[in-house]
Amino acid sequence: MDGRPNEQVLTVAPLGGRDLARAGWLKGFALRYGRKVRAVKTAADLNPTTIPAAARALAADVLELLKVDDLEILIIAHSQGCQVVGQWLDLFARALTPTQAARIRCVLTGNLERAFYGYGARKPRWWPAGNIARTTPNDTLIEVLDIGRRKDLWANYPGGIPSMIRLTLFNPDHLNYTMIDPDELNPLQQKTVGNTRYVNVA
């Protein structure tokens, strides 16, 4: 992704509240180019009200920042944070004007609701939806880069009972995107739909 000098970062934490700016996530991508970072308020827990509340908080943060002339916005989210962004895209981003939308872009990692490859798209129909609420929209005006590691079973779910068991018991790649750099991706697979680019990496 190109570096933009006048860009504010909003981070949306995964379950547990990991700080995506200070944890070296994506090789320190959030703080690169001298960007300023703000964490979106989220409880980051399994309460069913958490994702809707965080999506509303994200919407409020975005609208506040859009009031600053020429400021651009980069949203970085992981796992449950991607679900928050998905709800924001679905319920709030569609109301933005094309000019406003052009000032916003998203980087998602470990997205279990991505439209291709991930658990939400490939899980058996008979299996309960759990906290899968929707497929992350790819038909909005917002530019989205959706990155999944090849062995992250939430982002790249191959199907089958063994994979389903490993999802929660042993899925270390889901927790480790520190060495993935959005500026220097080496895609194993990629697909573009609308303004969303889906990339799978090692």
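Preceding this section is the structure that the text describes.
Residues numbered from 1 in each chain as written. Predicted model: local features only at pLDDT ≥ 70, side-chain atom pairs only at ≥ 80, totals over all residues. Heavy atoms only, no water.

> Looking at this structure, I do not really get the nonpolar core. What am I missing?
Across soluble globular proteins, you tend to see nonpolar side chains buried next to one another. Within the largest apolar cluster, 29 residues are counted, with the highest numbers of intra-cluster contacts made by L58, V62, I75, V85, W88, I104 and I142. Mapped by element, the contributors of at least two residues to this core are β1 (7-12), α1 (50-66), β3 (72-78), α2 (80-91) and β4 (104-109). Examining the composition of this core, we find that nine residues originate from one element, α1, more than from any other. Aside from chain neighbours lying at most four places away, what touches L58 is L10, V40, I75, V84, V85 and W88. (Core = buried A, V, L, I, M, F, W, Y, C linked by side-chain atoms within 4.5 Å. Buried < 20%, exposed > 50% of the residue type's maximum accessible area, 1.4 Å probe, protein only. Helix = DSSP H or I, 4+ residues; strand = E, 2+ residues; numbered from the N terminus. Contact = heavy atoms within 4.5 Å.)

> Hey, could you run me through α2 in this one?
Side chains of residues three or four places apart in an α-helix project in the same direction, reflecting 3.6 residues per turn. Over its twelve residues, α2 extends 17 Å from the first C-alpha to the last, a length consistent with the 16 Å expected when each residue adds 1.5 Å. Of all the twelve residues making up α2, ten are buried; the element is thus mostly covered by neighbouring parts of the structure. Among the residues of α2, those classed as buried are Q80, G81, C82, Q83, V84, V85, G86, Q87, W88 and L89. (Expected span 1.5 Å × (residues − 1).)

> Would you mind going over helix α5 (residues 161-169) with me for this structure?
Of the positions making up α5, those classed as buried are S163, M164 and L167. The arc that holds the buried residues of α5, viewed along the axis, is 105°, so those residues lie on one side. What points out from α5, more than 90 degrees from its buried face, is the exposed set P162 and L169. Looking at the buried residues of α5, the elements they touch are α4 (119-122). (Arc of directions from axis to C-beta.)

> Looking at this model, I keep getting lost on the pattern of salt bridges. Mind explaining?
Pairing between side chains of opposite charge can happen when the charged atoms of each approach one another. Within this structure, the stated rule accounts for eleven salt bridges. The closest approach of N and O atoms between R35 and E7, which form a salt bridge, is 3.0 Å. Here R35 is found in the loop between β1 and β2 (36-39), whereas its partner E7 is found in strand β1, with 28 residues between them in sequence. Looking at E7, the relative accessible area reads 4%, which means it is buried. Residue D173 pairs with R149 through a salt bridge whose shortest N-O separation is 3.6 Å. (Salt bridge = Lys/Arg side-chain N within 4 Å of Asp/Glu carboxyl O.)

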